[in-house]
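Listed below, chain by chain, are the residues.
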Amino acid sequence: MKKSFRKISALILSLVFFLAYGFSQDALMEKIFFVQAGKKISAEKTVALENKNFEIHFADTNPEDYISIFATTDFNYDYEEPTKSKSIDVNDTVIFNPGTYIIKNKFNPDEGASICVRDSYGFNGFSGEQRINHKSKERMISGPFVFSRNVKNQSEAVIPVTAIEDTSGLFTGDADFYFYVDYNHDNRIDENEFTKMRIKINGDGNLYKNKKAYISTMGYSVNEMISSPDDGNYHLYVIENVEGLEKFCSQISKNIFIDEEDLESGNYRFYILHSPTTNSIKISQPYLLTGTDNLIFEIEKSEMPFEYVYARNYKVEKQKDRFTIYVKTDEGLVRPIVHRMSEM
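Here the structure is a predicted model, which means the values were calculated and not measured.

The rules we used
Residues numbered from 1 in each chain as written. Predicted model: local features only at pLDDT ≥ 70, side-chain atom pairs only at ≥ 80, totals over all residues. Heavy atoms only, no water. Helix = DSSP H or I, 4+ residues; strand = E, 2+ residues; numbered from the N terminus. Buried < 20%, exposed > 50% of the residue type's maximum accessible area, 1.4 Å probe, protein only. Contact = heavy atoms within 4.5 Å. Areas by Shrake-Rupley, 256 points an atom, 1.4 Å probe, with all protein chains shown as cover. 1 Å grid on protein atoms, 1.4 Å probe; cavity = no way out; pocket = protein on both sides within 12 Å on 5 of 7 lines; lining within 4 Å. Points joined across faces, edges and corners; volume = space filled by probe spheres on them. Nonpolar A, V, L, I, M, F, W, Y, C, P; charged D, E, K, R; others polar. Pairing = 2+ DSSP bridges. pLDDT = per-residue confidence, 0-100.

Q: I'd like a description of the overall build of the chain, backed by residues and values.
A: When you go through the chain residue by residue, the secondary structure sums to three helices and 25 strands. By residue count, 44% of the 344 residues in the chain fall in the buried class. Sequence separation of 24 or more characterises 72% of the internal contacts of the chain that already satisfy a separation of 6 or more. Per element, the accessible surface of the chain, about 18900 Å² overall, is 49% carbon and sulfur.

Now the structure itself:
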């Protein structure tokens, strides 16, 4: 009898251990589901959605639980995954590091939320004030009747996604999404707080079509030109090695901001866009329309008491360089005249 009791006790302990740890790797995935066009879609390793608004639901989540979503087009992104014996401090990661948090506007439930997709860094954070929180309900059965009641201190978090904003220029419909919910509020990623899945956006729609995503570049005025085409056009100079940089500095202008180490590595290409000689034009940060291959520089008016050439530097990894550069003028989109310094 004692042996049987010990066996049963061991079995119960094993079951408790299995329940506590056996499902921990997928515990968060089991709490996530999607809703699109009124249809519930379960979370899996790969989730297919249509190109229209959808909701991400997190069950058993309190308003105090911070939700982090990291989305990337780098499908080989190197990251450390938590295990049941090792949690990870968010400060030791890039994907959920507070320093890479993407600042969002005040949340308006009627407008929904956007999710930024990056090449390899930057996460989307959603506090209790930046999402919708519903009280969770427990279904009760009493005879032939089914009713529900609020579950104390538990709620469901809902993020209504109305836009995918691509700042990598590489999003064509698929991205890897990493989810982290800090249930115990310790800023450490535990195994049951983390999961990853690939989301595929299919078909035509308004989820990311014609959404502006701005690219960071450096703008400055050039007051000393060695030579400047006096044709009223925009000129684009392409530099991809040290020799090209030396030619630019000797033939066009020494007023340039490029790190030679980037050129020496052979991994980067620089584009320097010049305005015509002017006293009233500034070139704004460029944007792309998500899902297209055009990088568009807008211009703005800024009266100055002297003439100059306005420049803007755009740096890109060679293997990810796929954009055609345009300038948006009063006459519409125009292609600048291209000068490849390495070939001159």
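Anyway, onward from the coordinates.
Q: Could you give an account of the layout of surface pockets, with specific residues and numbers?
A: Here the largest pocket is characterised by a volume of approximately 550 Å³. Around the largest pocket sit 16 residues that line it, and Tyr121, Thr167, Ser168, Ile215 and Lys315 are the ones nearest its centre. Broken down by element, the residue count for the lining of the largest pocket peaks at four residues, all from strand E22 (residues 309-317). Along the lines of polarity and charge, the residues of the lining of the largest pocket split into seven nonpolar, four polar and five charged. The computed volume of the second largest pocket comes to approximately 370 Å³. Surrounding the second largest pocket, 17 residues form its lining, Lys104, Asn105, Gly112, Ala113 and Ser114 being those nearest its centre. If you list the elements that add at least two residues to the lining of the second largest pocket, you get strand E8 (113-117) and strand E11 (145-166). When its residues are assigned to classes, the lining of the second largest pocket shows seven nonpolar, six polar and four charged.

Q: So what about the sheet that holds strand E7 (residues 101-102)? Which residues, and what values?
A: Spatially, the six strands line up as an open sheet ordered E3-E14-E12-E5-E9-E7, and their pairing is mixed. For this open sheet the edge positions go to strand E3 (46-50) and E7, each flanked by a neighbour on one side alone. The sheet contact formed by strand E5 (residues 66-72) and strand E12 (residues 174-182) spans seven bridges and is antiparallel. By the bridge assignment, Ser68 is partnered in E12 with Tyr180.

Q: Describe empty space enclosed by the protein, and please don't skip the residues or the numbers.
A: Here the idea is plain: a probe the size of a water molecule rolls over the atoms and shows the empty space left. Counted by the stated rule, this structure contains one cavity of 30 Å³ or more. If you add up the space inside the largest cavity, you get close to 40 Å³. A breakdown of the residues in the lining of the largest cavity according to their chemical character gives four nonpolar, six polar and no charged.

Q: So what about the confidence of the model for the chain? Which residues, and what values?
A: Taken as a whole, the chain shows an average pLDDT of 86; of its residues, 86% reach a score of 70 or greater. Scored below 50 in pLDDT, residues 7-25 makes ten contacts in the model with residues more than four places away or belonging to other chains. Confidence over residues 139-148 falls short of pLDDT 50; this stretch has twelve contacts with residues more than four positions distant or in other chains.

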